[in-house]
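Geometric and topological summary
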Amino acid sequence: MQPTQRRLANAIRALAMDAVETANSGHPGMPMGMADAATALFTRHLKFDPSDPHWPDRDRFVLSAGHGSMLIYALLYLTGYSRPTLDDIRNFRQLHSPCAGHPENFELPGVEVTTGPLGQGLAMAVGMAIAERHLNAIYGDDLVDHRTYVIAGDGDLMEGVNHEAVGLAGHLKLGRLIVLWDDNRITIDGSTDLSRSEDVVARHAAAGWHTTECDGLDSGKVSKAIEQAIADERPSLIRCRTVIGYGAPNKQGTAATHGAALGKDEVEAARAELGLEPKEFTIPEDVLAAWREVGRRGALDHSEWRRRIEQSARKDDFLKRLSGTVDDNWLKPHIDSLLADPKPVATRKASEIALEAINPAVPSTIGGSADLTGSNNTKTKGLEPLTAEYYAGRYIYYGIREFGMAAAMNGMALHGGVIPYGGTFLVFTDYARPAIRLSTLQGAKVIYVMTHDSIGLGEDGPTHQPIEHLQSLRAMPGIEVYRPADAVETAECWALALASDGPSILALTRQNLAPVRTAAAKENLCGRGAYRLKGAGGERKVILIATGSEVEIALGVAERLEEQGIGADVVSMPCTERFDAQPRDYREDILPDVSNREILRVSIEAGTTFGWERYTGLQGLRIGIDRYGVSAPYQDAYEYFRLTPAAIAGRVLAFLDRRGIR
Ligand SMILES: Cc1ncc(C[n+]2csc(CCOP(=O)(O)OP(=O)(O)O)c2C)c(N)n1
Ligand SMILES: [Mg+2]
């Protein structure tokens, strides 16, 4: 006789309880409360094949309530993924166990996304559902036909990003997105009555979602609700009424089960209550066998898909696209055309011109903007909007949803087959920052097109003028921040971002910049992160290090210094992270020994000077802005902050005099 669904679910409860107890850390409540719902999903609906976790047409499962990580670890183990092993689970939350505190996409192939920061899993799932419909529109049902399932807690639905994600999903009618809400009415502080009185279901309905409710502790009822959700064309919210920590007789239904081990006595009591094996980490043979059988079932769908792709005329195209490799044959002709006709251009415009070459050559790009399309210059001529009526479109109007956009882009990138890029003002990376951080942690290939990158945006004033943003983004591990100085550098940076495995940020100007790169180069110079744009005429006394719009200014400063007989290099540094990764002799050549007091190093960037000591040395001079900006035409703002060639040259000369170098 087959074990009941409840016994299958109890295997999840047992593993969650034991792992948290052993680690004396973690969250047993959510996995225990949602075990039946997860069992319904995994045994009856989810399309997956543990023998090939990367099968492109698998359903995506996102545990948005990432604190309940033991739920997914238990499911992956039970259904027969090669990892985690039972030993991995025994080592839950310990150093080097893939069963990390929160699910990490880079630790276990069955974990699609990194979750834990509440709200973002669901918001990423929206991006996955967009990518699925987009690829379906291009390649058809034979190759792309899957769903995205989410388990979300009260916290996921309270976070602000949820409103952005739900609004976007409803607008785009993402019917392949199905969210199971763990409605246990408990969060860390206690009852949700403490902090929430909105009607969550009505809010989703108002956003164009299909909604339904069920007893989340009855897997048969959850399964029926999932069937209804599948049948409905809208995105679905299934309100699963559950009890947190279900099965722990004295603690269930309370916040005590949320984030701490149950304790020995309570675990024993739960074992008795649920009829579990007396020994920890022990799953009855018939239960494990039944779970493994569930895991094997997906092989059939998978082999049928394989047969279809083998017969498909689009096979090579599809697989190449999913591999993420990108042609860069657009780059050279594009740069040649820029060099043939040099003219002043804002780098945001240069980015658009580059995209005019990129988008036809790289069909996997999906552009977009958080309601600043005309300012971010993200939409090229050929791009049709991606809408509920036309998923094949390659441009998304995200609305004023920076965080939602960034999270959706993470989901798209992790889904695979698309390369998302999206724009807003650089200052509003603050609104998107938690998702940018998850791009870096997950290695998601997302390209952030962040325009209006300094006081150079002018009249919009201090609320819109980034000051600390560039340096704070550079401080984030795992992302390349590019600040190109002209159209050629912009094209080079785009090529680097497209070739990267991870996320990139392009910081681009609103104001026009004169071309600084006027001759063809043998290599992508921005690839070095920093390079000598102009060598000193006379004996080198000064190295001017500048980025983006300040490179042109640095050239003006150098001219004035040379007139005074002071040799000055100008180093353009579009990407500090790349420069730091260069071999030592290259770095030494560009920026010789910091302690060399005979050569003054000067950084010039229209933003905080914080951190530039790294390249100027403490003895160097750092030119920047260490306060908020001003509302004024940009030339006046530059004058006001003394970021002009004349003013900076004056400061450099005075500095040299003080140091006795001149
Ligand atoms: C953005 C964010 N803020 C705070 C936390 C810390 N945190 C983890 S779980 C949790 C409570 C979530 O409540 P709920 O989603 O209802 O989960 P349950 O207690 O029901 O398992 C909080 C505040 C977090 N992980 N992410
Ligand atoms: Mg809750």
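Use the structure listed above.
None of these values were measured; they are calculated from a predicted model.

As for the overall build of the chain
Each helix and strand counted, the chain has 25 helices and 20 strands in total. For 662 residues, the compact-globule estimate of 2.2 N^0.38 gives 26 Å, and the C-alpha radius of gyration of the chain, at 28 Å, lies within 12% of that figure. Out of the 662 residues in the chain, the part that is buried amounts to 62%. The contacts in the chain between residues at least 6 apart in sequence include a share of 78% that link residues at least 24 apart. A total accessible area of about 24700 Å² is found for the chain, and carbon and sulfur atoms account for 49% of it. Averaging the positions of the 71 positive and the 87 negative side-chain charges in the chain gives two centres separated by 2 Å.

Remarks on the site of ligand 1
For ligand 1, the set of nearby residues contains 15 residues, the closest of which are His 67, Gly 116, Gly 155, Asn 184 and His 258. A distance of 2.7 Å separates an oxygen atom of ligand 1 from a polar atom in the side chain of His 67. At 2.7 Å, a side-chain N or O of Asn 184 approaches an oxygen atom of ligand 1. For ligand 1, the accessible surface in isolation is 590 Å², of which the surrounding protein chains cover 74%. Sorting the residues of the shell around ligand 1 by element identifies helix 6 (154-158) and strand 4 (186-187) as the ones contributing at least two each.

A look at the coordination of the magnesium ion (ligand 2)
A four-donor tetrahedral metal ideally has 109.5 degree angles, and a six-donor octahedral metal ideally has angles of 90 or 180 degrees. Looking at the metal site, the magnesium ion (ligand 2) is ligated by Asp 154 (OD), Asn 184 (OD1) and Ile 186 (O), spaced 2.1 to 2.2 Å from it. Sequence spacing of the donors to the magnesium ion (ligand 2): D-x29-N-x1-I. Just as Asn 184 is buried, Ile 186 falls in that class too.

Digging into the packing of aromatic side chains
Throughout the structure, instances matching the rule amount to 15 aromatic pairs. The interplanar angle of 85° and the centroid separation of 5.5 Å between the aromatic rings of Tyr 421 and Trp 494 together place this pair among those described as edge-to-face. Note that Tyr 421 is positioned in strand 11 (residues 419-425) and Trp 494 in helix 19 (residues 487-499), a separation of 73 residues in sequence. Their ring planes at 70° and their centres at 5.6 Å tell us that Phe 428 and Tyr 431 sit as a pair that is edge-to-face. Overall, the relative accessible area of 52% leaves Tyr 431 in the exposed class. The structure contains a cluster of three or more aromatic residues connected by ring pairs, namely Phe 42, Phe 48, Phe 61 and Tyr 81. Sitting above the plane of the Tyr 77 ring, Arg 292 keeps its charged end 5.0 Å from the centroid.

Regarding the state of the cysteines
Applying the stated criterion across every chain, the model contains zero disulfides. There is no disulfide at Cys 214, and the cysteine sulfur nearest it, in Cys 240, is 4.1 Å away. For Cys 214, a relative accessible area of 10% gives the class buried. Left without a disulfide partner, Cys 526 is nearest to the cysteine sulfur of Cys 493, which lies 3.9 Å away. What makes Cys 526 buried here is its relative accessible area of 0%.

A look at the sheet that holds strand 16 (residues 531-534)
To summarise the sheet geometry, strands pair through backbone hydrogen bonds and adopt either a parallel or an antiparallel arrangement. Taking strand neighbours across the sheet as the criterion, the five strands line up as 16-18-17-19-20 in an open arrangement whose pairing is mixed. Each edge of the open sheet carries a strand with a single partner, namely strand 16 and strand 20 (621-623). Neighbour-to-neighbour, the strand axes of this sheet turn through a mean angle of 30°, independent of strand direction.

Thoughts on unusual backbone geometry
Each neighbour pair has its own omega, and for Arg 83 with Pro 84 the value is 0°, a cis peptide bond. With respect to the helices and strands, the residue Pro 84 is situated in the loop between helix 3 (69-79) and helix 4 (86-90). Here Lys 173, not a glycine, exhibits a phi torsion of approximately 50°, which is positive. On the secondary structure map, Lys 173 appears in the loop between helix 7 (160-171) and strand 3 (177-183). Judged by relative accessible area, Lys 173 falls into the partly exposed class, the value being 47%. Even without being a glycine, Phe 281 presents a positive backbone phi close to 55°. Relative to the elements of secondary structure, Phe 281 occurs in the loop between helix 10 (264-274) and helix 11 (285-311). The class of Phe 281 is buried, set by a relative accessible area of 5%.

Focus on the environment of Asp 49
Looking at the element boundaries, Asp 49 is found in the loop between helix 2 (29-44) and strand 1 (60-63). The spacing of Asp 49 and Asp 430 is 381 residues in sequence and 39 Å in space, taken between C-alpha atoms. If near-sequence neighbours (up to four positions away) are discounted, Asp 49 is found in contact with Trp 55, Gly 298, Ala 299 and His 302. There is a polar contact of 2.8 Å between the side chain of Asp 49 and the side chain of Ser 51. Within the local environment of Asp 49, its side chain forms a polar contact with the side chain of His 302, the two groups lying 2.7 Å apart.

Some points on the pairing of strand 14 (residues 504-507)
Because side chains alternate across strand 14, one face comprises the buried residues Ser 504 and Leu 506, and the other comprises Ile 505 and Ala 507, equally buried. Sheet topology note: the strand 12 (residues 447-451)/strand 14 ladder contains four bridges and is parallel. The residue of strand 14 that forms the bridge with Met 450 is Ala 507. Tracing the backbone out of strand 13 (residues 480-482), into helix 19 and back to the parallel element strand 14 gives a crossover that is right-handed.

A short note on the packing of helix 13 (residues 331-340) against helix 19
Following both chains from N to C, one finds helix 13 and helix 19 inclined at 170°, their axes separated by 9 Å at the closest point. Viewed along their axes, helix 13 and helix 19 adopt a mutual orientation that is roughly antiparallel. Of the residues in helix 19, those touching helix 13 at Leu 331, His 334, Ile 335, Leu 338 and Leu 339 are Ala 487, Val 488, Ala 491, Glu 492 and Ala 495.

A look at the sheet that holds strand 2 (residues 148-152)
Spatially, 1-2-3-7-6 is the arrangement adopted by the five strands of the open sheet, whose pairing is parallel. Pairing within the sheet leaves two strands with one partner each, and these edge strands are strand 1 and strand 6 (210-215). Recorded for the sheet is a direction-independent mean angle of 20° between the axes of neighbouring strands. As defined by bridge partners, strand 6 adjoins strand 7 (residues 236-241) across six bridges and the pair is classed as parallel. Among the inter-strand pairings, Thr 212 is bridged to a residue of strand 7, identified as Ile 238.

About the criteria used
Residues numbered from 1 in each chain as written. Chains lettered and ligands numbered in written order. Predicted model: local features only at pLDDT ≥ 70, side-chain atom pairs only at ≥ 80, totals over all residues. Heavy atoms only, no water. Helix = DSSP H or I, 4+ residues; strand = E, 2+ residues; numbered from the N terminus. Rg over C-alpha atoms; globule rule 2.2 N^0.38 Å. Buried < 20%, exposed > 50% of the residue type's maximum accessible area, 1.4 Å probe, protein only. Contact = heavy atoms within 4.5 Å. Areas by Shrake-Rupley, 256 points an atom, 1.4 Å probe, with all protein chains shown as cover. Lys, Arg positive; Asp, Glu negative; His and termini not counted. Charge placed at Lys NZ, Arg CZ, Asp CG, Glu CD. Near = heavy atom within 4 Å. Polar contact = N/O pair within 3.5 Å; in protein donor to acceptor, adjacent residues only side chain to side chain. Donors = N, O, S within 2.8 Å, 3.2 Å for Na, K, Ca; no water. Phe/Tyr/Trp six-rings, centres within 6.5 Å; stacked < 30°, edge-to-face > 60°. Lys NZ or Arg CZ within 6 Å of the ring centre and 35° of its normal. Disulfide = S-S within 2.5 Å. Pairing = 2+ DSSP bridges. Axes fitted to C-alpha atoms, helices over the stretch in contact; angles between N-to-C directions. Right-handed = clockwise from strand over helix to strand, strands pointing away. Parallel < 35°, antiparallel > 145°, perpendicular 65-115°, else oblique.

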